[in-house]
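# Examination of the molecular architecture
The lines below spell out each chain.
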Amino acid sequence: MNELIKLSAAELVEKLKSSEISSVEITQAHLDRIEATDGQTLDSADRSAGKDGLNAFLHTSAQQALQVAEEVDRARAAGEELPELAGVPIAIKDLIVTKGQPTTAASRMLEGWMSPYDGTVTQKVRAARMPILGKTNLDEFAMGSSTEHSAFGVTRNPWALDRIPGGSGGGSAVAVSAFQAPLALGTDTGGSIRQPAAVTGSVGVKPTYGSISRYGVIAMASSLDQVGPCTRTVLDAALLHEVVGGYDPKDSTSLNEPVGPYAAQAREGATEGGLKGLRVGIIKELNGDGFQAGVNARFNESIDLLKSAGAEIVEVSLPSVKEALGAYYLIMSSEVSSNLAKYDGVRFGLRKLPEEGPVTIERVMSATRAAGFGDEAKRRIILGTYALSAGYYDAYYGSAQKVRTLIQRDYAAAFEKCDVLVSPTAPTTAYKLGEKTEGDPMAMYLGDIATVPTNLAGVPSISIPAGLADEDGLPVGIQFTAPAHEDARLYRVGAGLEALLNNKWGAPLWAQMPDTESLIRDFDFGGAK
Amino acid sequence: MSEEILSFEEAMEKYDPVLGFEVHVELNTKTKMFDDAPNEFGDTPNTNITPVSLGLPGVLPVVNGKAVESAIKLGLALGCDIAEVSHFARKNYFYPDTPKNFQTSQFDEPIAENGSIDIELEDGTVFTVDIERAHMEEDAGKLNHMGGSTGRIQGAEFSLVDYNRAGVPLIEIVTRPIVGAGERAPELARAYVAAIREIVKNLGISDAKMERGNVRCDANVSLMPKGTTEFGTRTETKNVNSLRSVERAVRYEIQRHAAVLDSGQKIVQETRMWHEDTRETTAGRPKSDADDYRYFPEPDLVPVVTDSEWIERLRAELPEPPAERRRRLKADWGYSDEEFRDVVNAGAMDAIEETVAAGASPAVARKWWMGEIARIAKVREVDLAETGATAQTVVELNQLIEQKKINDKIARQVLEFVIAGEGSPAEIVEKRNLAVVSDDGALTAAIDDALAAMPDVADKIRGGKVQAAGAIVGQVMKATRGQADAGRVRELILEKLGVEG
């Protein structure tokens, strides 16, 4: 294994700038790592389930990535001025459209579909001259919390291969935590960046709604979806946010305000005294009860560290948060039912003819949707269709929107008393693959309890590693939330705690992660599925 | 199979009609409602599209600011209140002409509400029609049903979709129920749609061509027994694509409703399709108020916010309203009530205005547009403007007459040649050698011949019967193939015979 892959993006930038290493070397090292650990043959589109590896990638594009790397190296050699992250490779969640590479949303519905256009964040990544390694796995159309709902096989957690990597963005979280990519892009509708970060021991950020363009991000729930960085360090997340953030005239909901400075804030937060005087609010409703013991222990430890660094800890209440999950699943599924209506076999993607009987448009649409969507997608489409139906709209969608307003007010009130809010990111560490796919889907939904409120409120959150739970040795995440537009504050606070924890552990948490290649060698893939 | 209908007169004796209209106006903005694909009619199918018009995965809509301005202008012209904040919503239904399987429209918070317009019928009677709302939405693509005999979806083997029209900006204007039109209901229906067409054309916000579907009308009709006030069950007639169709369709539905009600049956609330060929409606799909489109606020768009400064600026830009313009032109031109009404009904107002502006007198402009050009338009069944005659044609023809280069009869021939595309009147006169024979020498020879051929007539004239000169003039005109100035010929004849004219 090439030790280059353990370097953070910020460290790679330094080495690139000093010409100590080339982008080609970096890119090749990550491609080799993907080849060695993902069970993915490079430049193939083999999406068969149960590959002998992490299966973080649905598609890799080695040639394209290396070509960009070569161009960057040449440009640097020629003394050209380059964007900050030029030459640092990145992985992109397969919910974001990319011209020249497949985009599937991990659904049979889009198998083989090639987007004729780039999403805005894709364009920004290209403009930043970052080699795109490939597209990462997810729950179908980002619907799920475990990546088990991908049509193309589960992604495995590098800390324990029989465990979920979180979801929906398990692929992006695993790609960075298993050193397949220094950076990745994810999307977060109810925790799809943060919960995978928590259970894989990595960093994930859901920015303020509107901070990053959604143009070219396959919509799940438009009023909640937000693109964000998946990384191993807070500073890297800040650097990536600066690349992809900013106003986009193609997205009416995008914020017209300056981007950053995020990296500068992250650097400042990590210095001694960076957290002094910070008021940290512990959310009463998201503390203690219903959270795994090891999660609570690591959370409390972090709070003690913050206190010791001069932060002031207060307790705040978000009374409406109890209703958040219910409101979230109604609003999200309502928007899903409409956003996913376009997948009907008429214009693109899968088209399935009825097996018998007349071939009418209704029957083709119906056969296509029956064959193309997985169970979780169907469940949410049906739930949302019901919630928007005449006679039920007020009771379901209408009430949910009222709860949303109350939650927004709760956050506004809480931020009167503190600068950031804090809670565990997820109630448990990574559970076993298959544990929650049978029976009651509510079991999986409950894992989103701490993450969905911030999507409903539109406020930014970051999840960083808080250590390993004593009972299972698996990563625990801690989540900070700031008022809308105050993303910079999160990078400052996140980097501050990260520095304190790394100092306490003597190394980043990932240093404790088992060697992935040995894990894969010893794992019985046949049995775990 | 035709349905039973009552005679219109009998229907009117027993029932009062209630009307309601939903008129869709396609805007003539450069780009579509929510993306920058060109808004052009008649191009090769599926060329005026972008990923957004096709609803590809990941795309987002952005509201066309020009379309919002058009909506505000129309709202103001209809006397509506303009909302400070209005929203878009999604109307969800599966149909292949709608790329996203939902239409982005305005639902409970439209941009314009509560207006009214005065509709003047041909005899000058004025009805006030109340406008409930005017809201913005997007058009659907166009389906072409192939392989069947009817061009309809029933019996078709397959259908082709053209998304060029998908996303074209629309404004839907919805009236409140119109009560009290009585037997004039069909006429009012036509006049209402004509007025809307005139208004949007005058505002310059739509090409307003009904034959292209720029203005489309859904006509709601219900009847209530005379003397009652509770509205009956309504039907909504679609596919009425000309002013004539609107009038006929409303008339037909009134007669059909009356027959159904008379037989003791109930009207089915449904969509009816108008067929101009048979001049009947047939049942479309049943439509109930419970049609569930699962409307909800469009999460990809932010509210449309207006302010008084913007609205007042647009109000200041509004052109003169058509009714006011008519009053002004009538006074300027000095036409009688009847003359002016004929001009309006013939759709000749614009042409006459342009012709007068180009230098002709109002009387001359009227003579041509209401005379020979109208006759040609009628024969060819086209609008005046579509004959190919222009203001310049009329001005030039008139100049040629005044300069005595041609006479009226020749001028009419020249007009035919202009319409046939042979060039300007002057060019045609030159090319075809149609100029009046004004060479007295040539005329004298022709007159001598005529006098010699008709000595008895010549004697009569000499004897003082001046009116007999007409026969000689006729003969000369014939000999010169009509190219002589008849007045001058007459003068020369009298001169020659030594008689005082």
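Residues numbered from 1 in each chain as written. Chains lettered and ligands numbered in written order. Predicted model: local features only at pLDDT ≥ 70, side-chain atom pairs only at ≥ 80, totals over all residues. Heavy atoms only, no water.

### Here we look at the overall build of chain B
What counts, and what does not: Here a strand is any run of E in DSSP of at least two residues, a helix any run of H or I of at least four, and the numbering for each starts at the N terminus. Radius of gyration: over C-alpha atoms. The globule rule applied is 2.2 Å multiplied by the number of residues raised to the 0.38 power. Burial status follows relative accessibility: with a 1.4 Å probe on protein chains alone, a residue under 20% of its type maximum counts as buried, one over 50% as exposed, and anything between as partly exposed. A contact between two residues is defined here by any heavy atoms of the two lying within 4.5 Å. The Shrake-Rupley method, run with a 1.4 Å probe sphere, supplies the accessible areas, and residue values consider only the shown protein chains as cover. His residues and chain termini do not enter the charge count, which takes Lys and Arg as positive and Asp and Glu as negative. For this purpose, a charge sits on NZ of Lys, CZ of Arg, CG of Asp or CD of Glu.
For chain B, the helix and strand inventory stands at 17 helices and 17 strands. Computed over C-alpha atoms, the radius of gyration of chain B comes to 30 Å, more than 25% over the 23 Å expected from 2.2 N^0.38 for 501 residues, which places it beyond the range of a compact globule. Of all 501 residues assigned to chain B, the portion counted as buried reaches 49%. Sequence-distant contacts, at least 24 apart, represent 67% of the contacts inside chain B between residues at least 6 apart. Carbon and sulfur atoms make up 48% of the accessible area of chain B, which totals about 23,700 Å². Side chains of chain B give 60 positive and 86 negative charges; the mean places of these two sets differ by 4 Å.

### Section: the overall build of chain A
Summing up its helical and strand segments, chain A has 18 helices and 11 strands in all. Against the 2.2 N^0.38 benchmark of 24 Å for 529 residues, chain A shows a C-alpha radius of gyration of 22 Å, consistent with a compact globule. The principal-axis extent of the C-alpha atoms belonging to chain A is close to 70 × 55 × 50 Å. By sequence separation, contacts in chain A at least 24 residues apart represent 75% of the contacts at least 6 residues apart. Counting every atom, chain A has about 17,500 Å² of accessible surface; 50% of that belongs to carbon and sulfur. Measuring between centres, the 49 positive side-chain charges of chain A sit 4 Å from its 65 negative side-chain charges.

### Quick notes on the UniProt feature "active site" (unreviewed entry) in chain A
Residues and elements named next belong to chain A. Spelled out, the test is: UniProt positions are given in the numbering used here, feature names are shortened, and annotations may be inferred rather than shown by experiment. Identification of polar contacts relies on pairs of N or O atoms within 3.5 Å, with a donor-acceptor requirement for protein atoms, meaning one able to donate a hydrogen and the other able to accept it, and with residues adjacent in sequence counted only if both atoms are side-chain atoms.
With numbering aligned to this structure, UniProt lists the feature "active site" (unreviewed entry) at Lys93, Ser168 and Ser192. Judged by maximum C-alpha separation, these annotated positions cover 100 residues in sequence but sit close together in space, the widest gap being only 10.8 Å. Take Ser168: it is sitting in the loop between β3 (132-136) and α5 (170-177). Residue Ser168 is classed as buried on the basis of its relative accessible area, which comes to 0%. Sequence-distant contacts of Ser168, that is, excluding residues within four places in its chain, are made with Lys93, Asn137, Leu138, Asp139, Ala142, Met143, Gly144, Ser145, Thr147 and Ser192. Relative to the helices and strands, Ser192 resides in the loop between β4 (183-187) and α6 (194-200). For Ser192, the contacting residues outside a window of four places in its chain are Lys93, Ala142, Gly144, Gly167, Ser168, Gly169 and Thr187. Only 2.8 Å separates the side chain of Ser192 from the side chain of Ser168, close enough to count as a polar contact.

### What to know about unusual backbone geometry
At the junction of Gly167 of chain A and Ser168 of chain A, the peptide bond is cis and its omega measures out at 10° in the coordinates. Of the consecutive residues Gly260 of chain A and Pro261 of chain A, the connecting peptide bond is found in the cis state with omega at 0°. Within the chain, His485 of chain A stands out as a residue other than glycine whose phi angle is a positive 75°. As for its position among the elements, His485 of chain A is in the loop between β11 (475-481) and α16 (487-505). A positive phi angle, near 45°, is found at Arg294 of chain B, a position not held by glycine.

### Observations concerning the packing of helix α2 (residues 65-77) of chain B against helix α3 (residues 185-203) of chain B
Packed helices, taken two at a time, are described by the angle between their axes plus the distance between the axes. Residue and element names in this part refer to chain B. What counts, and what does not: Each axis is a line fitted through C-alpha atoms, taken for helices only over the stretch in contact, and angles between the N-to-C directions span 0 to 180 degrees. When an angle is under 35 degrees it counts as roughly parallel; over 145 it counts as roughly antiparallel; between 65 and 115 it counts as roughly perpendicular; any other value is oblique. Each crossing gets its handedness from the near helix: less than a right angle anticlockwise from the far helix is left-handed, clockwise is right-handed.
Here α2 crosses α3 at 130°, and the two axes come no closer than 10 Å. Taken together, α2 and α3 sit at an angle that is classed as oblique. Judged by the sense of rotation from one axis to the other, the crossing of α2 with α3 is right-handed. In this structure, α2 contributes Lys73, Leu74 and Ala77 to the contact, and α3 contributes Ile199, Val200 and Leu203.

### Thoughts on the packing of aromatic side chains
Let me state the cut-off plainly: In this scheme Phe, Tyr and Trp rings, the latter by its six-membered ring, pair at centre separations within 6.5 Å, and the angle between planes marks the pair as stacked below 30 degrees, edge-to-face above 60, and tilted otherwise. Geometrically, a charge over a ring is one whose NZ (Lys) or CZ (Arg) sits within 6 Å of the ring centre while staying within 35 degrees of the ring normal.
Under the definition given, this model contains 25 aromatic pairs over all chains. Ring centres of Tyr117 of chain A and Tyr215 of chain A lie 5.4 Å apart, and the angle between their planes is 55°; on these two criteria the pair is classed as tilted. Separated by 98 residues along the polypeptide, Tyr117 of chain A in the loop between β2 (90-93) and α4 (120-127) and Tyr215 of chain A in the loop between β5 (203-206) and β6 (227-231) bring together distant segments of the chain. Relative to Tyr192 of chain B, the ring of Phe21 of chain B lies with its centre 5.1 Å away and its plane at 20°, an arrangement referred to as stacked. Residue Phe21 of chain B is located in strand β1 (residues 15-26), and its partner Tyr192 of chain B is located in helix α3; the two are separated by 171 residues in the primary sequence. The class of Phe21 of chain B is buried, set by a relative accessible area of 1%. Given the relative accessible area of 0%, Tyr192 of chain B is considered buried. Connected via pairs of aromatic rings, a cluster forms that spans Trp113, Phe141, Tyr343, Phe348 and Phe373 of chain A. We note Lys91 of chain B situated over the ring of Tyr293 of chain B; from NZ or CZ to the ring centre the distance is 4.4 Å. Looking at Arg432 of chain B, its charged tip hangs above the ring of Phe417 of chain B, at a distance of 3.7 Å from the centre.

### Quick notes on the packing of helix α14 (residues 440-453) of chain B against helix α17 (residues 486-497) of chain B
All names here are of chain B. Rules: The residue classification treats Ala, Val, Leu, Ile, Met, Phe, Trp, Tyr, Cys and Pro as nonpolar and Asp, Glu, Lys and Arg as charged. All others, Gly included, are polar.
It is at 10 Å that the axes of α14 and α17 come closest, and there the two elements cross at 65°. Here the hand of the crossing between α14 and α17 comes out right-handed. In contact with Asp440, Leu443, Thr444, Ile447, Asp448 and Leu451 of α14, α17 contributes Arg488, Val489, Leu492, Ile493, Lys496 and Leu497. By residue class, the composition of the contact of α14 with α17 is seven nonpolar, one polar and four charged.

### Notes on the sheet that holds strand β10 (residues 461-468) of chain A
Residues and elements named next belong to chain A. This is how the line gets drawn: For two strands to pair, DSSP has to find at least two bridges joining them.
The mixed open sheet is built from 11 strands, whose spatial order is β1-β3-β2-β4-β6-β5-β10-β11-β9-β7-β8. The open sheet has two edge strands with one neighbour each: β1 (57-60) and β8 (312-316). Sheet twist, expressed as the mean angle between neighbouring strand axes with direction ignored, is 25°. With respect to the sheet, α4 is in contact with β2, β3, β4 and β6, its orientation differing from that of β3 by roughly 160°.

### Describing the interface of chain A and chain B
For clarity, the cut-off: Simply put, the buried area is the total loss of 1.4 Å probe accessible area from both parts when two parts are fitted together. By definition, a salt bridge exists where a carboxyl oxygen of Asp or Glu is found within 4 Å of a side-chain nitrogen of Lys or Arg.
Listed as interface residues are 39 residues of chain A and, on the opposing side, 31 residues of chain B. Summed over both sides, the interface of chain A with chain B buries roughly 2,700 Å², with 61% coming from carbon and sulfur. Three residues stand out in chain A for area buried against chain B, namely Ser252, Lys342 and Arg347 of chain A, and they jointly supply 21% of the buried area on that side. Taken together, the connections running from chain A to chain B amount to one salt bridge. Among the salt bridges present, the one from Arg214 of chain A reaches Asp300 of chain B, with a minimum N-O distance of 3.0 Å. Taken together, the connections running from chain A to chain B amount to 16 residue pairs in polar contact (both at pLDDT 80 or more). Within the residue set of the side of chain A that touches chain B, elements represented by two or more residues are α10 (324-339) and α11 (361-372) of chain A. Looking at the side of chain A that touches chain B, the element that brings in the most residues is α10 of chain A, giving five residues. Broken down by class, the residue content of the side of chain A that touches chain B amounts to 20 nonpolar, 11 polar and eight charged.

### Concerning the domain arrangement of chain B
Note the cut-off: Marked domain ranges trace back to an automatic or database domain assignment.
If you check the domain split of chain B, you get domain 1 (8-313), domain 2 (320-431) and domain 3 (440-497). Once you take the C-alpha centre of each, domain 1 of chain B and domain 3 of chain B turn out to be 66 Å apart.

### A short note on α17 of chain B
All names here are of chain B. The cut-off we apply is this: Expected helix span is computed as 1.5 Å times (number of residues minus one).
End to end, α17 covers 17 Å across 12 residues, agreeing with the expected 16 Å (1.5 Å per residue, within 8%). Residues of α17 that are buried: Val489, Leu492, Ile493, Leu494 and Leu497. Contacts from the buried residues of α17 go to α14, α15 (455-462) and α16 (469-479). The N-cap residue of α17 is Asp485: its side-chain oxygen and the backbone nitrogen of Gly487 are 3.0 Å apart. Backbone geometry just after α17 places Gly498 at a positive phi near 70°.

### Remarks on the nonpolar core
Our working definition: For our purposes a nonpolar core is just a set of buried Ala, Val, Leu, Ile, Met, Phe, Trp, Tyr and Cys residues, chained together by side-chain atoms within 4.5 Å.
Ranked by internal contacts, the top residues of the largest apolar core, which has 147 residues, are Phe141 and Leu185 of chain A. The greatest single-element share of this core, amounting to nine residues, is contributed by α10 of chain A. Judged by nonpolar contacts, the second largest core, of 68 residues, contains Phe8, Ile117, Ile199 and Leu314 of chain B.

### With respect to the pairing of strand β7 (residues 279-283) of chain A
All names here are of chain A. Of all five residues making up β7, four are buried, and the element is well covered by its neighbours. In the sheet, β7 pairs with β8 via five bridges, with the strands oriented parallel. Note on β8: the bridge partner recorded for Arg279 is Glu312. Judged from the three bridges that link them, β7 and strand β9 (residues 420-424) form a sheet pairing that is parallel.

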